[in-house]
Structure formats: C-alpha cells, structure tokens
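# What the coordinates show
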Amino acid sequence: MGDVRQQLNHQLFVGFGEAGIASQTQGKDTRSATSEGGGPTDKLSEKLVLSVRVSEESKKGKEKDKDKDKDDDGAKRGKSSRKFRFICITVKKNMKIRIHKVKQSKGGSFTVSKTWGLDDIKSIESIEDTQVLINLGKPYQWRLDDMEKKIEFLFTLAKLCRKYLKKQPKFINVEEDSLRQQMHSDTSFLSATEKEFTNTMAAISKRGKDDVVAEEDEADDILAEDPVLPLMELDGPNIDLGEVLNDFDWEASGDAAALETRLVTELQALEAANVHAIIGSEEQANLVVDQLDHAILQLDQIDEWISHYTQLLDSMGQDVHQIEIRHKGMQIAAANQKALLKEVESILESLRLPAYILDILRNEPLTDVDGISQSEDAVKKLKEVTQRKIDSDVSSLQAIKERLAFLNFHATSFAVRLHDYLNGYFGTLTDAYLHDKARTSKKGDLRLHNHDTLEEKLYRFCFLLRWLKTVDTRKHYNLQMSYVQEIARVYNKEVHDFVEQLRTHHIHRRTESEEQDYVFSLPLVSVSSAATNAIKSAIPFSKASHGTLPTDKPARSGRIKGAPWKSRHRDGDPDTPENDGDDVASLRRRGSTATRSSVAGNSVLSLDIGGDERMPPDEALRHTLSVLLPVMVREQNFITDLFSLHKDGEDLADPQAPTADQPIERIHDWQDSLGQPRPQNNDLKLNKRIHELQQGIFNDVRAEVLGTLDFALKGDQTYAIGMMVAVEDFVDDYKETCHSYLMEVLDDINKKVGGVFEKFLEEQIKAIDESKTTLKKRNGILSFVRTFPKFVQRVENILNGSTGNAQRTINQAYARIIKMIFETLDTMAQQVTVDVKAAPDDKESLNIHILHVENMHHFYSFIRERKVPSLDVYVKQAKSIYDVHLDAYCKVVIRKPLGRLWDFFEGIEGLLKTNTPEEINYHMQYNKGALKEVVRKYPGKEIKKGLESLYKKVEKHFTDEEGLLQVVWRGIQEETAKRYKRYGELIELCYPETVTKLEFTMDELLGYFSELARAH
C-alpha cells in the first residue's frame, strides 16, 4: 500500500507546497505516454490524506470488452463480478477536502473517474463485514480489504466531517468513539495527520488570497496540460520477480489466490508503516505549534492585565465626571430654586383678588340691577383668576393650593347665596301671578297671559346663572327644578281657567236627542247607545294624521280678537253643503288665530267671543292650540336662555351673553324673539334636558287638554276628523323645530282623537252589519245606502280639502264601510231567495234584482256627484253591479209580454246548440206550421197590451225618484228591441223559404214604448 500511495502522489496528487509547484512547473513541458487502454491523467495540486482500496459491483450488461485479469504465472482467473478502485481523500490549497474514486489500468497508471466534495456526503453507513454504504448524491456500496481499513476509513471520514462541515451527514452504525476503541493499533498517526492537515490549512491561510487564487489557476493550467505518466514508465530499480516469489515460498504450481492474499496483507502493512513514518516526521512541527500556543497564552494574560488597568482608569474617570456633574447640578438647583421662588411669588400675586371684590361676593345684595351688575363683574374677575393656567409642577405647591382653596371657598359661598336667593325669588314672582285676578279667563273673554314681568326680572340673572353652571352644576340643576315647580303652578291655574270656560260656555256639543242623519244607526237605536257598545276599529291609525277642522252647524260668529272668523263648513242639508271658505286659509295658520296685546305689562293671547257664542269642538281645539302652543314655545325658549341650555352656555367671555345692565330696549327685543320657534339642536343631551323641563311644566296642562277632548266629542265623534286635521296643521308648523315636547303633546292629541274616530267607525260598521237581521223591509233603497252619501258629505266638509294623513285615514274608513255595505246588500239579497224554487219571474226572485238596481243606482248617482277621488273605484264597482242586475231584471220582466214568442224562440236557441238550422224544421214543435201559429197569436195590438201591463208592473217596482223608472223602462225597451231583431234573424236562418214574419215592425215596437213613456 505504501507503493500505491507513492504512485498516487507521483501521478495524481503532487501536493500544494513549493515542491509540488516546482514539480508541476517542471512537468509543464513534459507529456507522459499512456498505457494500454488508458488515457492521460492531469496531476492535481492536492495533498493526499488517506487512500484505501475498495471493490464494488460491476454494472450488468456493460464493460463486456474489458481485459480479463490474469495471475502472475499467466493463468486465467475468469470473469469477475466486482471491480477494484481506490478511494482517495485529499485537501486542496484552498482548504477544500475532496474525495476521489481512482481507477488503475492494467498497465499500472491511475486516473480519476469521479470526484466529490466533503459536503456532498449525505450519509455514511457501516454495514456487514467490511462493507460501507456512502450516499454521495446516490448510494455507493464499497467493500474494503479488511476490517482495520474499514475502521480507519470510517474514523477518518467521521473526524473530518465533524470538524469541517457545518451540516453533518447522517451516520448510521458509525460512532467516532467506538471506532477509536476498535483501532487495533496506536491511533496517534491520525492525530499527526490532523496536525499536518491543520498546519497546511494555516499556511494556506497566511498566504494572500490573491496568491492562492493565482497559484490555483496556475496549477489548474499545469494539470490541464500535463497528463501523468503511467506507472510502468516511471524510472525505478530493476526487480527480479522470481526472487520475490521465492521469498514468498511460491511455486508455479502453487495457489495463486493465497499468494495474492499474502501480497495484499504485506502491502497494507507497508502502507501503514508509511503513514506512521509521515506522521512521526512531523513531531517538530507539533513542537513549534505547542510553543506558539504557549506564547499566545502569555499574550492573552498580558492583554487581561492591560484590560484590568483600563477598567481601573475608566472607573476613576467616571468618578471624576460624576463629581463634576454633581457640582453643576447643585449650581443649577440653586438657580432653579431662585427662579421657582420668583415664579411662585408672581403666581400668588396673580391669584390675589382685591378686598372690595371679596366683599361684593360676600355681601352685595341681589335685589337691584346695580347689585347684580357688580356681582357679575366680581364673578368675572374671580373666574379669570381661578381659570388662569398654572404649570402642573407649580400647582402642586402648598402655597398655590392654599390660595386656590381660598378662592374656591369664596366662589362656593357666593354660589350658595345666589342659589338661596333665586330659590325664594321664583316663589315670590309666581305667587304674584297666582293672586292676580285680572289674569283669569271669563265667559266671553278667554285669555292666556305671557309672563313678561317675570321674564324681564329673571333676565338680569342670566349671566350669574351661566357662571353658576360652570361652578356648581348641582345647584344649577336645583334652581331649574325649583323654577319648573313654581311656574307650573301658574300655568296649571291659567290653562285650567281657560279650558273650563271654553268647555262650559263656548263649545257646541250635539246632544243625544239631536238627529244625525249622516251616521249609520239602526231604527230605534240612538247614536249614543251604539257608541257605548263600540269596539276598537281595525283600521290602522297614523300617529301623524293631522289636518284642518270642520264644524257641524253654522256656529255663531265667535272670533279671535283682531281676526274675525267663520265656520269653515255647515250642515244644513248634507247633500247640498254650503262651505264658507273665506277664512279657511287663515284658520289653518295658528298665527292668525290669536293676537298678542299688552295688559298691565304682560302680553296676552286671547279669544274674544260673545258670552253666548259657541264653537264646534274641532274649531275649539284649533283655537285652543293656537293660544296654548305659542305659550309653550315661548316658555321653552325662555328657560333655554335663562339657564344657558345651549352649547355655548358656559362661555362667560361670549360678547352676546346677557348681562344685568342691558338697556330695556334690548331686553324687549329679546322677549319679542322668544315667541319664534327655534331650529333643531343636534345636542341630544341638552334636548333631553329641555324636554324634561317642559314636561315638568306642562304635564298637567296636557292632561287638561286631553280631558277636554272626551267632553267635546261625546255627542258627535265625527268632529274627531276635524281635530286630526287641526293637529296636522300645527305639526306642519313645528316639525322642523327644536320643540320636541310640543310635538309630543300634538302626538298625544292625535292619538286620542284617532282612537275616538276608530271606535266611531267600528260602531258604524257594526250598525251596517246588524241591518241584515234588524231591517224588515227588504225593498227600496236601504237605510245604510241612503246614509252613506250623507256620511261622505259630512266627512268631506270636515276635511275641507285636506290631503294629509287625515285624508288617508278617511280613505281607509271609506273602504271598510263600502265593503260592509256591499257584503250586507248581497247577504240580504241571498236571504230573499232562501228555500225559493220558483219560476224565474217569481216575485221574490225578481226582488233580488230590484234591490240591487235601486241601491246601486242611488249609490252610483250620489257618490259620483260628490267627486271624491278616493271613491272613484267604488263608483265603478257599483255601476258594474247595477248594470248586471238591470240586465237580468229586464230579461225577466219582458218574458210575460212576449209570452209564447219568448218560449218558441228560446226553444229554437236551445236546439241550435246541438242541431243545424236546417234540422230545426223537422221538429214537430218548431216546424213552419208552429211558427205561423205562434206569430199569428202575437200581433202588434197584443204586444202593446202586454207592454202596457208591464209598464204598470215596473212602475210599482220603481218610483220616479232619481229618474230610475225611466232608466229601467229604457233598459226594457233596449232588451225588447234586441229580442225582436234576434227573432227575425232566427226566422231567416231556420226557415229561409218561408214568408212568415212577425206581425209588427221595429218602428211600431219602439212607438209602443215611447207612447207609454209619454203617457205616464
């Protein structure tokens, strides 16, 4: 093996030292001849670390033409299934470790067949016997010569991979420690090899990178140009082969295989000795390395000493720097303390109030304008001082805290004084109103007073209340509640007096004894008794249903002061109403229903009406709301301004903020603006608070008004329609404003009157339904059909052209009533024919058509005359029913005057459904003779006689009321003429050869009808 290693070094791996480079340079111009079957091989600038011989399986079907191996005596060994190769581990001068698989030709020359890097190893596995399995991209299974070679090979690979690879390959059945223990000899040679390898790496590293790259390129050029000479052509000593064989006691007839095994063993021992010799020759290098290590250790100790001294010096420098910083800090602290003292003195001075200001806050009376004005100036200065911005670090000083506490004490004391004074002052002002008899409404003089005096006096406190809101919100809230409680007493008394006089003396109410022909009441059943049994209506009622209001009878000319008014509708004859619309537009605007005058310094909204004059309930509600709602608007605006219930209510610097020393003209201008509705406010919290205050003031007033509605509508619930219209008008006026409580009151009124109308409507529907069993007369125009046009006239008069939600509610009511009318009429008609199985002209059967014709004609005529758009669809429906029953009636009644003519030709009509016209003559009853016989019996004289009898009968069925008799007679004429024409067509169709004709002409027939109509 030593010879093999030398040959490998000589032919392939020349090393990377000076000798190697020289060898490469020397051989640059030289070329080696190739041996048999082998090609030239380049020398590699690498150093061989380890080489072992391995055998591997041959590939099937390949290398069939390879030379056969022969023993030394020339004997043939036979075809082998394995091939031998050398695995060489080398290191390049760029410190890369490579693995080469080297093939030896039969001439002894070596060539590299495959090369891998150390990092190409994926796994190393020790398998049975002396075999190893190494994955180098694909698995290679190699068998080594003996176990020692296997252990040495695996140990070397494992060691190199552990030391020089970052990512270790997978080791299977390979453990470095175990391999070391299995080494049969001293493994120090491996350590020597490693040292030599390490020194080689260090030497390469010390050389310049550029030199290494240059040498590598040069070596690659040399290797590329100079192939290695075959081993057989190398110069060497002459060897006597026979002598060598004698040394091994081998004869020509001996066992060649045993000789080969012995030779291999000797070769391996020789190679091992060579490796030991190489490693032993490097002991001096190891000694130098040890000395270098010792020197490095001493240098490390010196470096530690220097680092220690540096740390000591740094520590001393830090101490000196810290002392300097402390010194500067003490100087800065002293300067800061002086500045702080100066700043504190300045702040304390700015927080100082003059003694006269404190005296005003403690003692200044609030009973006059001068005292209020001085108090305003004092709280302004107090606010300026207390709101001064102070740095948070300074504000924590005890002196500053004490001064601020002193100022807050005076602010709180004045807040308590202001609260107590106004709390009593509110009661004083309201008591004066309550004891003023001039403010009471009387018969013929209905009035609601505004509170101008109270507003003017409390206006002086607006600024102080605004200040109180910023200082003590609890006391500000308590004053709000105190004012609400006191002013509510005034409104409750004044509104109660107003409403009581209105109810007692000025609302016209129908009594139960008064006739109301526009309601659907049963005979002997009064409206009031029916109303008490009403149930809730199923008609949905819109909470927004508001509109204008009508009256029932012409009210006497009561009027609003300064604005004469008239009733917007009259009853008289419901079918021919007289609408006085001169003041409709003005009455629909609340601004025209009440005027403001001045009485004893207070503005008044009053209704100037004669002592005996009365208004219908809907007009009474309209005028009441026209007086009450402006009062509610004014009161909301007043409390909003008084208590600063708006977004900028805490800004004392606002130039528009009210003050006590305002001129009286400005106060009056402000009072004039209080009656104007204000736009909506987006601050939900403030809106809710204002709503609560309004509710506290007017909650009893709302109950008073709602109670009046029950009283006003007790006699006639149709006035609820007018009330809905009135409420709707006021909703339109206030819906875009901030007065939410006012809208809530209107909504409550709307719900109240809507509920009354729902009950009234249900009562009317029930009365119509009960007519099916209570009406004994089943002919003529039924009572509920006569009533409905009057009901429509009554309702339309009250609506007076309103197109809002009230109109939609009425449209729904119309739909339900008409549905019940039609259903009841059909039911009553069906009851007429129960158990009746008579001829078609039977009296009771004929009454069905008469009943429908009369009632639908009345419905159609009168409802169409009203021209109500929402009823057009029902007018068309009534006309359709009327036409159907009129046609049926005419067909029934003309049967008798035509007699056998009718029967004969009806029979022909029946036969034509199953026979041809030519076949009709073959029927005994309908042949030509039968035709002549029946025609002969009905000459014109007989037909005229029958029509005269028919006219008398129709005259009994229908009166000439509403022109119905002539309409029916015209219908009979048209039906008879149609029959005459049809009979002529049937004669021509079925009897084309006959000369028989009817014995009267069409002109004669029409003349009979005209003559009878003129005669009556």
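For the structure, check the block above.
So, here is what we can say about the structure in this document.

What counts and what doesn't
- Residues numbered from 1 in each chain as written.
- Predicted model: local features only at pLDDT ≥ 70, side-chain atom pairs only at ≥ 80, totals over all residues.
- Heavy atoms only, no water.
- Helix = DSSP H or I, 4+ residues; strand = E, 2+ residues; numbered from the N terminus.
- Expected span 1.5 Å × (residues − 1).
- Buried < 20%, exposed > 50% of the residue type's maximum accessible area, 1.4 Å probe, protein only.
- Phe/Tyr/Trp six-rings, centres within 6.5 Å; stacked < 30°, edge-to-face > 60°.
- Salt bridge = Lys/Arg side-chain N within 4 Å of Asp/Glu carboxyl O.
- Pairing = 2+ DSSP bridges.
- Core = buried A, V, L, I, M, F, W, Y, C linked by side-chain atoms within 4.5 Å.
- Contact = heavy atoms within 4.5 Å.
- Axes fitted to C-alpha atoms, helices over the stretch in contact; angles between N-to-C directions.
- Lys, Arg positive; Asp, Glu negative; His and termini not counted.

### Some words on helix α11 (residues 369–386)
With 18 residues, α11 extends 25 Å between its outermost C-alpha atoms, agreeing within 8% with the 26 Å of an ideal straight helix rising 1.5 Å per residue. Taken together, the buried positions of α11 are occupied by G371, I372, S373, S375, E376, A378, V379, L382, K383 and V385.

### Examining the packing of aromatic side chains
Using the criterion set out here, one finds 30 aromatic pairs in the structure. With 4.3 Å between their ring centres and 10 degrees between their planes, F905 and Y983 make a pair best called stacked. Of this pair, F905 sits in helix α29 (residues 900–911) while Y983 sits in helix α32 (residues 964–990), and the two are 78 residues apart along the sequence. What makes F905 buried here is its relative accessible area of 0%. Among the residues examined, Y983 registers a relative accessible area of 3% and is labelled buried. Measuring from centroid to centroid gives 5.3 Å for Y980 and F1000, while their planes differ by 40 degrees, and the two rings are tilted.

### Observations regarding the pattern of salt bridges
One pass over the structure, following the stated rule, counts 36 salt bridges. For K493, the salt bridge is made with D497, and the minimal N-O distance between the two is 3.3 Å. Within this pair, K493 and its partner D497 are both found in helix α16 (residues 473–506), separated by four residues, close to a single helical turn. With relative accessibility at 32%, the residue K493 sits in the partly exposed group. The class for D497 is buried, based on a relative accessible area of 17%. Of the charged contacts in the structure, one is a salt bridge between E975 and K978, with a shortest N-O distance of 3.8 Å. One end of the pair is E975 and the other is K978, both in helix α32 and three residues apart, which spans about a single turn. We classify E975 as buried; its relative accessible area is 5%.

### Here's the deal with the pairing of strand β7 (residues 131–135)
Two elements, strand β6 (residues 123–126) and β7, share four bridges in a ladder whose sense is antiparallel. Bridge assignment links E125 to a residue of β7, and that residue is L133. Between the end of β6 and the start of β7, which pair antiparallel, lie four residues, with D129 showing a positive phi angle near 60 degrees. Hairpin connection, β7 to strand β8 (residues 139–144): the antiparallel pair is bridged by three residues, and G137 has positive phi, about 95 degrees.

### Focus on the nonpolar core
One finds F788 and I972 to be the most contacted residues of the largest nonpolar core, which totals 182 residues. Ranked by residue count, the leading element in this core is helix α23 (residues 740–774), at 13 residues. Every residue in contact with F788, bar those within four places of it in the chain, is listed here: F520, Y814, I817, I818, I821, F859 and I863.

### Side note on the sheet that holds β6
Pairing is mixed in the open sheet, where eight strands are placed in the order β5-β4-β3-β2-β8-β7-β6-β9. The strands lining the two open edges of the sheet, one partner per strand, are β5 (110–117) and β9 (170–172). Across this sheet, the average inter-strand angle for adjacent strands is 30 degrees, counted without regard to direction.

### A few points about the side chain of E125
Following the sequence through the fold, E125 ends up in strand β6. An unpaired buried charge is present at E125: no salt bridge exists, and K170, the closest side chain of opposite charge, is 8.3 Å distant. Beyond its immediate sequence surroundings of up to four residues, E125 is in contact with V132, L133, I172, N173 and V174.

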